[in-house]
Amino acid sequence: MKTIKFKNHDEMPILGLGTFRSQPNEVYDAVLTAIKEGYRHIDCAAIYGNESEVGDAIQEAIKQGIVKRENLWVTSKLWNNSHGQENVLPAIKKTLEDLKLDYLDLYLVHWPVALKHDIEMPSKGDDFIPLSELPISETWKGMESVLNEGLTRHIGVSNFNSKDLENLWDKSNHKPEVNQVEIHPLLPQNELLEFSNQKGIHLTAYAPIGSGGNAEKSISILENQTILKLAEEKNCSPAQIALAWNMARNISVIPKSTNKKRIAQNFNATAVELSNEEIKEIDDINLSHRFIDGKFWEFEGGPYTAEGIWGTK
Ligand code: A2P
């Protein structure tokens, strides 16, 4: 499989298994199935509430001799209530304990949003800490120190806009290597991609097949006419077209599935090659639709807005 190459010569497989919204009772089978299928990259996060089950499956795969730890790429993310230099070490230790690993391959700051330490999910504006009080650069010092301690091999961010990254740039010793954001044919993120290429930051696409569509199903990647037409022409599935399009742009993808057939189907998207014309047809869809809209961080009197987070205000 194609890989993303890092400065220290580590390589991240361009396609991994996503585990957001994978129920704890399903995720064990999903991860074990995926590793048997050939996946070598698993994307996790403390807030998904399933890292312990993911860890059990990884252990089982190692025990069965299917894979060695050093041949797996495991990513996890620092939750919003563990911002602040001193909170990063305990957070990564808990994640490593749950995943039953000695080190992560990649640890990301999950959102440029800080919550008070005892609040996992906010219910009011007062549950947040503004970044003016607790800047990302402070949290980043904690990220750099867990990197230096060898608890993760790489560090990065998620849901960051280019301004957030510019702010962090001069205040960081070790620059963020990855930014994980929503990217798919209905949200191509061309400007962020250009910025990231200039800075040497790799982009990973979450919700690469549109997170199962929105509530009304009025906007769906899997029912988009261009995607459907290409899938028919190339004798593959719409999901595979969406994944292949991101991978052709050198963007890694982490489709979530707990279904055996779809886990296999998504893996086989690495064999789908798109011509420049086919890529252009998808680029021409020209929409800008977020499935993960960030409005869940907006509370009356609170310091965060979706527009501020996406850098569109
Ligand atoms: P399931 O777990 O039942 O397969 P994303 O990674 O973009 O957030 O999308 C995840 C959603 O898409 C989940 O609802 C998942 O459901 C579904 N899904 C995953 N793979 C496919 C596929 N190949 N075709 C259709 N739906 C898929």
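The preceding data block contains the structure.
Attention in this report is confined to the structure presented alongside it. Just so it is clear, the model here is predicted, and its values are computed rather than measured.

Analysis parameters
Residues numbered from 1 in each chain as written. Predicted model: local features only at pLDDT ≥ 70, side-chain atom pairs only at ≥ 80, totals over all residues. Heavy atoms only, no water. Helix = DSSP H or I, 4+ residues; strand = E, 2+ residues; numbered from the N terminus. Rg over C-alpha atoms; globule rule 2.2 N^0.38 Å. Buried < 20%, exposed > 50% of the residue type's maximum accessible area, 1.4 Å probe, protein only. Contact = heavy atoms within 4.5 Å. Areas by Shrake-Rupley, 256 points an atom, 1.4 Å probe, with all protein chains shown as cover. Lys, Arg positive; Asp, Glu negative; His and termini not counted. Charge placed at Lys NZ, Arg CZ, Asp CG, Glu CD. Core = buried A, V, L, I, M, F, W, Y, C linked by side-chain atoms within 4.5 Å. Near = heavy atom within 4 Å. Polar contact = N/O pair within 3.5 Å; in protein donor to acceptor, adjacent residues only side chain to side chain. 1 Å grid on protein atoms, 1.4 Å probe; cavity = no way out; pocket = protein on both sides within 12 Å on 5 of 7 lines; lining within 4 Å. Sits in = over half its atoms within 2 Å of the grid points. Nonpolar A, V, L, I, M, F, W, Y, C, P; charged D, E, K, R; others polar. Axes fitted to C-alpha atoms, helices over the stretch in contact; angles between N-to-C directions. Parallel < 35°, antiparallel > 145°, perpendicular 65-115°, else oblique. Points joined across faces, edges and corners; volume = space filled by probe spheres on them. Salt bridge = Lys/Arg side-chain N within 4 Å of Asp/Glu carboxyl O.

It is worth spelling out the overall build of the chain at this point. The number of helices and strands found in the chain is 11 helices and 12 strands. Its C-alpha radius of gyration of 19 Å places the chain within 12% of the 20 Å reference for a compact globule of 313 residues. With the C-alpha coordinates of the chain rotated into their principal frame, the extents come out at 55 × 50 × 35 Å. The proportion of buried residues among the 313 residues of the chain is 56%. For the chain, long-range pairs separated by at least 24 residues make up 73% of all intrachain contacts whose partners lie at least 6 apart in sequence. As displayed, the chain has an accessible area near 14,200 Å², and 46% of this comes from carbon and sulfur atoms. Considering the chain, the positive charge centre built from 33 side chains and the negative charge centre built from 45 side chains are found 3 Å apart.

What follows concerns the nonpolar core. One finds Val-31 and Tyr-107 to be the most contacted residues of the largest nonpolar core, which totals 81 residues. Among the elements that take part in this core, helix 8 (residues 238-248) stands out by supplying seven residues, more than any other. Aside from chain neighbours lying at most four places away, what touches Val-31 is Leu-17, Ile-42, Val-54, Ala-57 and Ile-58. Formed by 18 residues, the second largest nonpolar core is a distinct cluster that contains Trp-79, Tyr-206, Ile-309 and Trp-310.

A few words now on the site of the ligand. Lining the immediate surroundings of the ligand are 16 residues, of which Lys-256, Ser-257, Arg-262, Gln-265 and Asn-266 lie closest. In this structure, Ser-257 approaches the ligand through a side-chain N or O atom, which is 2.6 Å from an oxygen atom. For the ligand, a nitrogen atom lies 2.8 Å from a polar atom in the side chain of Asn-266. When the ligand is considered free in solution it has 570 Å² of accessible area, and contact with the protein chains removes 79% of it. In this structure the site holding the ligand corresponds to the largest pocket. No other element matches the three residues that helix 9 (residues 260-267) contributes to the shell around the ligand. Here the residues of the shell around the ligand are counted per class, giving six nonpolar, eight polar and two charged.

Our focus in this paragraph is unusual backbone geometry. Notably, Gln-189 is not glycine yet its phi reads approximately 55°, a positive angle. Structurally, Gln-189 is set in the loop between strand 10 (178-182) and helix 6 (190-199). The residue Asn-286 is not glycine, and still its phi comes out positive at about 55°. Mapped onto the secondary structure, Asn-286 falls in the loop between helix 10 (276-283) and helix 11 (306-310).

Attention now goes to the packing of helix 2 (residues 51-63) against helix 3 (residues 85-99). Relative to each other, helix 2 and helix 3 sit at 45°, their axes nearing to 6 Å. Classified by the angle between their axes, helix 2 and helix 3 sit oblique to one another. From helix 2, Glu-51, Ser-52, Val-54 and Gly-55 reach across to helix 3, where they touch Thr-95, Asp-98 and Leu-99. For the contact of helix 2 with helix 3, a count of residues per class yields two nonpolar, three polar and two charged.

With that settled, the discussion passes to empty space enclosed by the protein. Space left empty within the atom packing is revealed by a probe, the size of a water molecule, rolled over the atoms. On inspection of all chains with the given rule, the structure shows one cavity of 30 Å³ or more. In this structure, the largest cavity encloses a volume near 30 Å³. Taken together, Met-12, His-41, Asp-43, Thr-75, Leu-106, Leu-108, Val-178, Gln-180, Thr-204 and Ile-254 form the lining of the largest cavity. Every element with two or more residues in the lining of the largest cavity is listed here: strand 4 (41-43), strand 6 (106-109) and strand 10. Tallied by class, residues from the lining of the largest cavity come to five nonpolar, four polar and one charged.

Moving on to the pattern of salt bridges. One pass over the structure, following the stated rule, counts 14 salt bridges. A salt bridge links Asp-43 to Lys-77; its shortest N-O distance comes to 2.7 Å. Taken together, the residues Asp-43 in strand 4 and Lys-77 in strand 5 (residues 73-78) connect sequence positions 34 residues apart. The two residues Asp-43 and Lys-77 agree in class, both being buried. Of the charged contacts in the structure, one is a salt bridge between Lys-100 and Asp-56, with a shortest N-O distance of 3.1 Å. Of this pair, Lys-100 sits in the loop between helix 3 and strand 6 while Asp-56 sits in helix 2, and the two are 44 residues apart along the sequence.

In this structure, the largest pocket spans a volume of roughly 1,000 Å³. If you trace the largest pocket, you find 43 residues lining it, with Phe-20, Arg-21, Ala-207, Ser-211 and Lys-256 closest to the centre. The set of elements that each furnish at least two residues to the lining of the largest pocket consists of helix 8 and helix 9. Among the elements that take part in the lining of the largest pocket, helix 9 stands out by supplying three residues, more than any other. Within the lining of the largest pocket, the residues separate by chemical class into 21 nonpolar, 16 polar and six charged. Taken as a whole, the second largest pocket spans an internal volume of roughly 650 Å³. Lining the second largest pocket are 25 residues, with Gln-189, Ser-288, Arg-290, Trp-310 and Thr-312 sitting closest to its centre. Secondary structure elements with two or more residues in the lining of the second largest pocket: helix 5 (162-169), helix 6 and helix 11.

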